[in-house]
Amino acid sequence: QVQLVESGGGLVQPGGSLRLSCAASGNIFSIAAMGWYRQAPGKQRELVATITNLGATNYADSVKGRFTISGDNAKRTVELQMNNLKPEDTAVYYCNADRVETKYSDGMDYWGKGTLVTVSS
């Protein structure tokens, strides 16, 4: 069974920085891409940033220039460096592993339980 565990959320003032980390574990053969999504109160979950196993990245327009995603394919980890945080970045941030191949399944995606990021003065 694949598990994703996030860490690094918390309370930060506007303009501050946080770093989120996520590690995938289980009988994993490969992961096509990992990424971060977020869901603010009363809103739908939205993409923040993704990175493929070849290192290609994709960002939401709202975070370009402020957030940086990085990953270690061998370690099955992904991180999100968030700088110049704004109150509108407040949300629960979820780690995602896309198109995961394991001993027992192929093509499934998995989610972490989420970590809360609050940007407030």
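Residues numbered from 1 in each chain as written. Predicted model: local features only at pLDDT ≥ 70, side-chain atom pairs only at ≥ 80, totals over all residues. Heavy atoms only, no water.

In this model, the largest pocket occupies a volume close to 160 Å³. In terms of lining, the largest pocket is formed by 13 residues, of which the most central are R38, A40, K43, E46 and E88. For the lining of the largest pocket, the per-class residue count stands at two nonpolar, four polar and seven charged. (1 Å grid on protein atoms, 1.4 Å probe; cavity = no way out; pocket = protein on both sides within 12 Å on 5 of 7 lines; lining within 4 Å. Points joined across faces, edges and corners; volume = space filled by probe spheres on them. Nonpolar A, V, L, I, M, F, W, Y, C, P; charged D, E, K, R; others polar.)

Turning our eyes to something else, we now look at the nonpolar core. Within soluble globular proteins, side chains that are nonpolar generally end up buried alongside one another. Counting residues in each nonpolar core, the largest one holds 32 residues, and the members touching the most others are M34, W36, L80, M82 and Y93. Of all the secondary structure elements, the ones that give two or more residues to this core are β3 (18-25), β4 (28-39), β5 (46-52), β7 (67-72), β8 (77-82), β9 (91-102) and β11 (115-119). If one sorts the elements of this core by residue count, β9 sits on top with five residues. (Core = buried A, V, L, I, M, F, W, Y, C linked by side-chain atoms within 4.5 Å. Buried < 20%, exposed > 50% of the residue type's maximum accessible area, 1.4 Å probe, protein only. Helix = DSSP H or I, 4+ residues; strand = E, 2+ residues; numbered from the N terminus.)

Okay, the environment of R99 next. For R99, the location among the structural elements is in strand β9. Relative accessible area serves as the criterion here: at 46%, R99 is assigned to the partly exposed category. Once the C-alpha coordinates of R99 and L20 are considered, the two residues, 79 residues apart in sequence, prove to be 21 Å apart. The contacts of R99, once residues within four sequence positions are left out, are S30, I31, A32, A33, G107, M108 and D109. (Contact = heavy atoms within 4.5 Å.)

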